[in-house]
Amino acid sequence: KTGQVLWSNTLLSYRTFNQIADLSHVLAAPVIDGGVVYLIGNAHQMGAFKLKTGEEIFTAPIGGQTTPVIAGDALFMVTNKDTLIAMNKYNGRLIWEKELYSKTEKRVSWHMPVPINNQIVVTSGKGDVIVFDMLTGNETKKLKMEKLFVAPTAYNNGLLFYTDDADLIMYR
């Protein structure tokens, strides 16, 4: 109400994975759930903090550029290592981790994960769509679409995709 800073914190790490990770700023939006704010930084660091006080709940040596999502008791993130991870939102313990591309493929940019119907959908800028079981991390489906501009939007048990050609495509 007064405009005063209540607390502040920094997500910094001196370990780096790639040249982009040398940038310590946060590219992903924070996620707030149950009085906890979750942040992922680009410099190989993520954390969960109490919203009212800024008190650290946990941190982990994970860097990323896309906004994490919460579904149930899990936090899902795409990392700078091009993996999708699921971690316990209460203590930060890793539940599962999956590679999003083969080491022989050229690296691509990945969009934020999207939860829908007990699944997590991850898309790339070049049109890869990979669907994972939310609990096990098992890949359940893989599609190839036109180049995708942004992550799909979950709506009415379906996904709405927006392509680089400005096409809207709804899938169920």
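Residues numbered from 1 in each chain as written. Predicted model: local features only at pLDDT ≥ 70, side-chain atom pairs only at ≥ 80, totals over all residues. Heavy atoms only, no water.

Student: Talk me through the sheet that holds strand S6 (residues 74-78); I want residue IDs and the actual numbers.
Tutor: Backbone-to-backbone hydrogen bonds pair the strands of a sheet. The strands run either parallel or antiparallel. Here we have four strands laid out as an open sheet, ordered S5-S6-S7-S8, and antiparallel in their pairing. The open sheet has two free edges, formed respectively by strand S5 (69-71) and strand S8 (94-99), since each of these has just one partner strand. Ignoring strand direction, the axes of neighbouring strands in this sheet form an average angle of 20°. Judged from the three bridges that link them, S5 and S6 form a sheet pairing that is antiparallel. Looking at the pairing, Ala-71 lines up with Ala-74 of S6. (Pairing = 2+ DSSP bridges. Helix = DSSP H or I, 4+ residues; strand = E, 2+ residues; numbered from the N terminus. Axes fitted to C-alpha atoms, helices over the stretch in contact; angles between N-to-C directions.)

Student: Describe in detail the pairing of strand S7 (residues 83-88), supporting the description with residues and values.
Tutor: Along S7, six of the six residues are buried, which leaves the element largely enclosed by surrounding structure. Covered by surrounding structure in S7 are Thr-83, Ile-85 and Met-87 together with Leu-84, Ala-86 and Asn-88, the residues of both alternating faces. Two strands pair when backbone bridges link them, and S6 and S7 are joined in this way by five bridges, in the antiparallel orientation. When the bridges of S7 are listed, Met-77 appears paired with Ile-85. Linkage of S6 to S7, two consecutive antiparallel strands, is achieved through a turn of four residues, within which Asp-82 is found at a positive phi near 60°. What sits between S7 and S8 in their antiparallel hairpin is a turn of five residues, with Gly-92 showing a positive phi close to 80°. (Buried < 20%, exposed > 50% of the residue type's maximum accessible area, 1.4 Å probe, protein only.)

Student: Mind laying out the pattern of salt bridges, listing which residues take part and the relevant values?
Tutor: One pass over the structure, following the stated rule, counts three salt bridges. Between Glu-55 and Lys-50 there is a salt bridge whose closest N-O contact spans 3.5 Å. Taking relative accessible area as the criterion, Glu-55 reaches 44% and is therefore assigned partly exposed. A salt bridge links Lys-144 to Asp-128; its shortest N-O distance comes to 3.4 Å. In this pair, Lys-144 sits in strand S12 (residues 139-144) while Asp-128 sits in strand S11 (residues 128-133), placing the two residues 16 residues apart along the sequence. For Lys-144, a relative accessible area of 53% corresponds to the exposed category. The exposure class of Asp-128 is buried, given its relative accessible area of 14%. (Salt bridge = Lys/Arg side-chain N within 4 Å of Asp/Glu carboxyl O.)

Student: Could you give an account of the packing of aromatic side chains, naming the residues involved and the relevant values?
Tutor: Per the stated rule, a full pass over the model turns up three aromatic pairs. Ring centres 5.9 Å apart and planes at 50° place the aromatic pair Phe-76 and Trp-96 in the tilted group. Of the two residues, Phe-76 is situated in strand S6 and Trp-96 in strand S8; the sequence distance between them amounts to 20 residues. Put simply, the rings of Phe-76, Trp-96 and Phe-132 touch in pairs and so form one group of aromatic residues. (Phe/Tyr/Trp six-rings, centres within 6.5 Å; stacked < 30°, edge-to-face > 60°.)

Student: Kindly report on the pairing of S12, identifying the contributing residues and their values.
Tutor: Pairing of S11 with S12 involves five bridges; the strand directions are antiparallel. Following the sheet pairing, Val-131 is matched in S12 by Lys-141.

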